[in-house]
Amino acid sequence: MKVVVRLDVMLALRKMKSKDLAARIGITEQNLSLLKSGKVKGIRFATLAAICEVLDCQPGDLLEVVVD
């Protein structure tokens, strides 16, 4: 199993650009891009909470467990 990041889907649903989200939550566009692509090993709960607050969603809307 692996965890897949669905941040790009939520951004599209909210009609928001990555750079706007990055600015609002206080991280770099590069770090947000790494998160979107799933190339990170983890995410701070504070960052996840900030993303959820800005996008008005739950962590489960952004992360999905899939079977390989």
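Above this text sits the structure in question.
Being a predicted model, the structure only gives us computed values, none of them experimental. (Residues numbered from 1 in each chain as written. Predicted model: local features only at pLDDT ≥ 70, side-chain atom pairs only at ≥ 80, totals over all residues. Heavy atoms only, no water.)

Asks: Outline the overall build of the protein chain, listing residues and values.
Replies: Counting its regular elements, the protein chain contains 5 helices and 2 strands. Start at the N end of the protein chain and walk to the C end: the helices and strands fall as β-α-α-α-α-α-β. Taking 2.2 N^0.38 as the reference for a compact globule, 68 residues should give roughly 11 Å; the C-alpha atoms of the protein chain span a radius of gyration of 11 Å, in line with that estimate. Taking all 68 residues of the protein chain together, the buried fraction comes to 29%. Of all intrachain contacts in the protein chain linking residues separated by at least 6 positions in sequence, the fraction that spans at least 24 positions is 67%. By element, 52% of the accessible surface of the protein chain is carried by carbon and sulfur atoms, the whole surface being about 5000 Å². The distance from the centre of the 11 positive side-chain charges to the centre of the 8 negative ones in the protein chain is 5 Å. (Helix = DSSP H or I, 4+ residues; strand = E, 2+ residues; numbered from the N terminus. Rg over C-alpha atoms; globule rule 2.2 N^0.38 Å. Buried < 20%, exposed > 50% of the residue type's maximum accessible area, 1.4 Å probe, protein only. Contact = heavy atoms within 4.5 Å. Areas by Shrake-Rupley, 256 points an atom, 1.4 Å probe, with all protein chains shown as cover. Lys, Arg positive; Asp, Glu negative; His and termini not counted. Charge placed at Lys NZ, Arg CZ, Asp CG, Glu CD.)

Asks: I'd like a rundown of the nonpolar core, residues and numbers included.
Replies: In this structure, Leu7, Leu21, Ile51, Leu55 and Leu62 are the most contacted members of the largest nonpolar core, which totals 17 residues. Only helix 1 (7-14), helix 2 (18-25), helix 3 (29-37) and helix 4 (45-55) provide two or more residues apiece to this core. A total of 5 residues in this core trace back to one element, the largest contributor, which is helix 4. (Core = buried A, V, L, I, M, F, W, Y, C linked by side-chain atoms within 4.5 Å.)

Asks: Lay out a nonpolar patch on the surface in plain terms, naming residues and giving numbers.
Replies: A contiguous nonpolar patch, built from Met1, Val3, Leu63, Val65 and Val67 and spanning about 540 Å² of accessible area, is present on the exposed surface. With respect to the helices and strands, valine 67 occurs in the segment after strand 2 (63-66). Residue class for valine 67 comes out exposed when judged on its relative accessible area of 69%. (Patch = residues over 30% accessible without salt bridge, like charges linked within 9 Å, V, L, I, M, F, W, Y side chains within 5 Å. Salt bridge = Lys/Arg side-chain N within 4 Å of Asp/Glu carboxyl O.)

Asks: Break down helix 1 for me, with residues and values.
Replies: Side chains of residues three or four places apart in an α-helix project in the same direction, reflecting 3.6 residues per turn. The complete set of buried residues in helix 1 reads Leu7, Met10 and Leu11. Buried residues in helix 1, looked at end-on, bunch into an arc of 100 degrees, giving them a common side. In helix 1, those exposed residues whose orientation departs by more than 90 degrees from the buried face are Ala12 and Leu13. Elements in contact with the buried residues of helix 1: strand 1 (2-5), helix 2, helix 3, helix 4 and helix 5 (59-62). Immediately beyond the C-terminal end of helix 1, within one or two residues, lies lysine 15, with a positive phi of roughly 55 degrees. (Arc of directions from axis to C-beta.)

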